[in-house]
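# Coordinate analysis (summary)
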Amino acid sequence: ISGKSATTKSRRRKARKLRRNNEYLDTLSVVGILPTTIDTPSNRKAMPDHDFSQWTQPEDIAKEIGTWIHMPPMRPHSGGLVKVFPNKSGGASFNLVR
């Protein structure tokens, strides 16, 4: 298992475990967000030769979470996993994978 694959599997297990074992989740949701590389200063510094236009913008993730907060019917079910990809036309795509 690659490092990235192991990390993804670990996040999936944590999201499912939190959903099952938390009495407060009657009013809260646990959603695992699985982004591609996020465009941050530290990632740019660590990977200066990569194409930054192919990275997910943190603002896109924040906007989607804001939508989920303000429009609960749009929120993925608790324990869900959402894969995030940058769009070629700008913004990001959020795909429910579980």
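As shown above, the structure is provided for reference.
Numbering of residues starts from 1 in every chain and runs along the sequence as written. Totals for whole chains, interfaces and linings use every residue, but because this is a predicted model, local features are given only for residues with pLDDT of at least 70 and side-chain atom pairs only at 80 or more, for both listing and counting. Excluded from the side-chain calculation are hydrogens and water; included are all heavy atoms of the structure.

### Focus on the pattern of salt bridges
For clarity, the threshold we go by: Should a side-chain nitrogen of Lys or Arg be within 4 Å of a carboxyl oxygen of Asp or Glu, the pair is scored as a salt bridge. Exposure is judged per residue with a 1.4 Å probe applied to protein chains only, and the accessible area is read against the type maximum: over 50% gives exposed, under 20% gives buried, and values in between give partly exposed.
Per the stated rule, a full pass over the model turns up 1 salt bridge. When the shortest N-O distance is used, the salt bridge between Asp 39 and Arg 44 registers 2.5 Å. Taking the relative accessible area as the measure of exposure, Arg 44 reaches 35% and is therefore partly exposed.

### As for the packing of aromatic side chains
Which entries qualify depends on this criterion: Pairs were defined over the aromatic rings of Phe, Tyr and Trp, the Trp ring being its six-membered one, requiring ring centres within 6.5 Å. Orientation was assigned from the angle between planes: stacked under 30 degrees, edge-to-face over 60, tilted for the rest. Segments assigned H or I by DSSP are reported as helices when at least four residues long, segments assigned E as strands when at least two residues long, and all are numbered from the N terminus.
Across all of its chains, the model carries 2 aromatic pairs by this definition. Relative to Phe 94, the ring of Trp 68 lies with its centre 6.4 Å away and its plane at 80°, an arrangement referred to as edge-to-face. With a gap of 26 residues between them, Trp 68 in helix H3 (residues 58-70) and Phe 94 in strand S3 (residues 92-96) connect regions that are remote in the sequence. Phe 94 carries the same exposure label as Trp 68, and that label is buried.

### Quick word on the sheet that holds strand S2 (residues 81-86)
Put simply, the rule reads: Two strands pair under a simple rule: DSSP has to find at least two bridges between them. Throughout, an axis means a line fitted to C-alpha atoms (over the contacting stretch in the case of helices), and angles, computed between N-to-C directions, take values from 0 to 180 degrees.
Within the open sheet, the 3 strands sit side by side as S1-S2-S3. Their pairing is mixed. Each edge of the open sheet is held by one strand with a lone partner, namely strand S1 (32-35) and S3. Sheet twist, expressed as the mean angle between neighbouring strand axes with direction ignored, is 25°. By the bridge criterion, 5 bridges tie S2 to S3 in an arrangement that is antiparallel. Bridged to Lys 83 within S3 is Asn 95.

### Overview of the nonpolar core
Note the following rule: Grouping buried Ala, Val, Leu, Ile, Met, Phe, Trp, Tyr and Cys residues that are joined through side-chain atoms within 4.5 Å yields what is termed a nonpolar core. Pairs of residues are marked as contacts when any of their non-hydrogen atoms sit within 4.5 Å.
Within the largest apolar cluster, 6 residues are counted, these being Ile 61, Trp 68, Val 82, Val 84, Ala 92 and Phe 94. Counting residues per element, the ones that place at least two in this core are H3, S2 and S3. Once you skip the residues sitting within four places of it in the chain, Val 84 turns out to touch Ile 33, Leu 34, Pro 35, Thr 36, Thr 56, Ile 61, Ala 92, Ser 93 and Phe 94.

### As for H3
Note the cut-off: Take the number of residues in a helix, subtract one, and multiply by 1.5 Å to get its expected span. Note that the arc is defined by the directions from the helix axis to the C-beta atoms.
The terminal C-alpha atoms of H3 lie 19 Å apart, and with 13 residues this matches the ideal 18 Å at 1.5 Å per residue to within 8%. Among the residues of H3, those classed as buried are Asp 60, Ile 61 and Trp 68. Seen from one end, H3 has its buried residues packed into an arc of 100°, which puts them on one side. Of the exposed residues in H3, the ones pointing more than 90 degrees away from its buried face are Lys 63, Ile 69 and His 70. Taken together, the buried residues of H3 touch S1, S2 and S3.

### What about the environment of Leu 96?
Summarising the element assignment, Leu 96 is placed in strand S3. Expressed as a C-alpha distance, the spacing of Leu 96 and His 77, which sit 19 residues apart in the sequence, is 9.5 Å. In contact with Leu 96, other than residues within four places in its own chain, are Pro 76, His 77, Gly 80, Leu 81 and Val 82.

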